Amino acid sequence: MVAGLGRTPAYLQSGGLGIGLPGDENKKRELEEILRTLALKPGRISIEGIERLAKRLGYEIWQEPNKDGGQTVSITGAIIVVDIDFIGNNITQVALSFANTLGTSNDLAPQAASILRDNLQPERPLMISDLADFANNLERLSKLDKLSQAHALNCFTAITGLYESLSRIYEHEKTVMDGGAVEAMCRGNGRPRMHCNGKVGLSVEYWKERRKMPTWSSSKGKERDVAMDKGKTWRVIIEIDELGAECASLDTVRTSENWVGKNTIKPSDDSMFGDDDYIIDWVDPEPSVENLMEVDSARPNARFIARLDPPIVIPLLDEVTIFSSLGLYSPPGQIGATTLDGLLFHRALVPDLRPLTTERKIYLPPHMDLHGRVNPSVNHRYTLHTLKPIYAREVWEIPFGHPRQLGPIFQIFRQYVLLATLLRSCFSSHPTATNSSSGASTTSPLPQPQPKQVQTPPFTPDDLDSFLSTPTPEPPTGSMPIDISLFSDPPTPTLRVIFPSHVVPQRLISLEIEVSRNGGVAARYSIVDSPEQVARQGGVAGMGRNGLVGEDVVARAVEVTEDVGMTVEWLRRIV
């Protein structure tokens, strides 16, 4: 679904507040906006606040004295039971259990209870803390509880069944893929996790920022040692929702731990003569006892859904591709005239819109500065040109019927997460950014670089690591112009970056960065010398002082830094 079609949490819907929506559509929208605002403040952490919240979500509430002289608040649904022990205003223990549920769900219940306890024991004093995080998790549990059907469907078992199968795939992929666990997350079928990052339930991490960033080890030299739980990650949260008419063609929820074969992999159909080419052995689960009972009953009105955390911007054509692969005719919601760069940088699509311009300071490795400055730097001024609008939407959730559908969808997600990261490396919210139609800038006119030969210390592709260890970029006071063009030849978007060389006068470098499915990167560049410079080079164009660096090395630089400015400054000091 797209932004703007956001739902109001159940604990603040009109029924829960005891009010009715007026007939006038404008008042309706205003009231929905108020409800969404109120959802951010669902109440203070207290026995009374928890009781009000639980009642709004449709739970039954019980209170009884506990053995420590305090009170135990029990929140009960059809399957789940949450027990919260109070002594005065202090919460001493939270327990979660699932009735009539065997196996993994109950085994992992202590992890979920730990998250709920952390929600109710924030670092801030209780007087200024609220129930927002606890409410979000309790609502997620409530939805699964309500969609479960007696003797036919246990949504909690269905979710942990997916987790079991996806974990087997992840454990296999991290042993066979170069790069291990990080590449299994970012190139394979993702990293499944239960009850983590402050949210109860199943999440699948599919991308990590700067996953190929090198680290330094005093004992082993340079090595790739990326900490899995550090840095920003992108994931989907797997939930179960009502089927809905728009998703009627999807498979309904099934309960099984066997979404893949016993051996996890099987030889590819294209594998001949004993080739070691294997694929995931996806299977359709055999009917379980619960499923057999469904045959004689109504079709369960429930489907799996993957909610994106965070949401990402995807071109409309690619969104249609995703929904077509699911057997659905079109994405839900209205399709408006919004563009990829407009959604990323909050720019309205209006006539005569000036190019987006921002400024930034890139710090250099100290050994590259001739003047002996403590923090040598160079200033960039980026200008974004969109040759043809790329119509896009912000995607919040994707329904699915089988976990094998997630892998191809993740490949598209990774492509546009990386593209957005590269664009934001230049056009994030700097105070000097301008995107108004008047084109007014908050900075004074910038001097153009003078065409003169610059003598610098020797610089090689290996010095990319030095760039990575320099301070975080910041807005500058004057900058070198760098033009960036965004265009797309579906399904591959491309950034064309034009900038002056640092080592050869009157030379421009044109770098093209293609971002393909699964976050793949290809790079190619060309050199344009002035006639005078060609004459100085004996009639030969494109002779770099250090020789031409391979395009595969440039692509590697983009993958490691995930930063256009760093890649540009590194490359312009070589060619």
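What counts and how
Residues numbered from 1 in each chain as written. Predicted model: local features only at pLDDT ≥ 70, side-chain atom pairs only at ≥ 80, totals over all residues. Heavy atoms only, no water. Pairing = 2+ DSSP bridges. Helix = DSSP H or I, 4+ residues; strand = E, 2+ residues; numbered from the N terminus. Axes fitted to C-alpha atoms, helices over the stretch in contact; angles between N-to-C directions. Patch = residues over 30% accessible without salt bridge, like charges linked within 9 Å, V, L, I, M, F, W, Y side chains within 5 Å. Areas by Shrake-Rupley, 256 points an atom, 1.4 Å probe, with all protein chains shown as cover. Salt bridge = Lys/Arg side-chain N within 4 Å of Asp/Glu carboxyl O. Phe/Tyr/Trp six-rings, centres within 6.5 Å; stacked < 30°, edge-to-face > 60°. Buried < 20%, exposed > 50% of the residue type's maximum accessible area, 1.4 Å probe, protein only. pLDDT = per-residue confidence, 0-100. Contact = heavy atoms within 4.5 Å. Expected span 1.5 Å × (residues − 1).

(A) Structural context of the sheet that holds strand 18 (residues 507–516). Read from one edge to the other, the open sheet built from six strands follows the order 13-14-16-17-18-19, with strand pairing classed as mixed. The open sheet is flanked by strand 13 (356–363) and strand 19 (520–529), the only strands paired with a single partner. Here the average twist between neighbouring strands, direction ignored, is 25°. Pairing between strand 18 and strand 19: 10 bridges, direction antiparallel. If you follow Ile-509 over to strand 19, its bridge partner there is Ile-527.

(B) Spotlight on a nonpolar patch on the surface. A cluster of nonpolar side chains, namely Ile-498, Leu-508 and Val-528, defines an oily patch on the protein surface of about 240 Å² accessible area. Mapped onto the elements of the fold, Val-528 is located in strand 19.

(C) Just the packing of aromatic side chains, in detail. Summed over the entire model, instances satisfying the criterion amount to eight aromatic pairs. Aromatic side chains Tyr-206 and Phe-410 sit 5.2 Å apart centroid to centroid with 15° between the ring planes, which places their arrangement in the stacked category. Remark: Phe-410 occurs in helix 12 (residues 406–427) and Tyr-206 occurs in strand 6 (residues 199–208); sequence separation between them is 204 residues. Accessibility expressed as a relative area gives 0% for Tyr-206, which makes it buried.

(D) Up close: the confidence of the model for the protein. Scored by pLDDT, the protein has a mean of 79; 72% of the residues are at 70 or more. Below a pLDDT of 50 lies the segment residues 271–275, which in the model reaches one contact outside its immediate sequence neighbourhood of four places, other chains included. The low-confidence segment residues 470–477 (pLDDT under 50) makes 24 contacts with residues lying over four places distant or belonging to another chain.

(E) Representation of the pairing of strand 14 (residues 377–386). Of all 10 residues that make up strand 14, eight are buried, and the element is covered over most of its length. Pairing between strand 13 and strand 14: eight bridges, direction antiparallel. Directly across from Arg-360, in strand 14, lies its bridge partner His-380. Of the pairings in the sheet, the one linking strand 14 to strand 16 (residues 480–489) comprises seven bridges and is parallel in character. Considered in strand 16, the bridge of His-380 is made with Met-480.

(F) Summary view of helix 6 (residues 132–147). When the terminal C-alpha atoms of helix 6 are compared, their 23 Å separation across 16 residues agrees well with the 22 Å that a helix rising 1.5 Å per residue should span. Counting buried positions over the 16 residues of helix 6 gives 12, a clear majority of the element. Inspection of helix 6 places Ala-132, Phe-134, Ala-135, Asn-137, Leu-138, Glu-139, Arg-140, Leu-141, Ser-142, Leu-144, Asp-145 and Leu-147 among the buried residues, and these make up the whole buried set.

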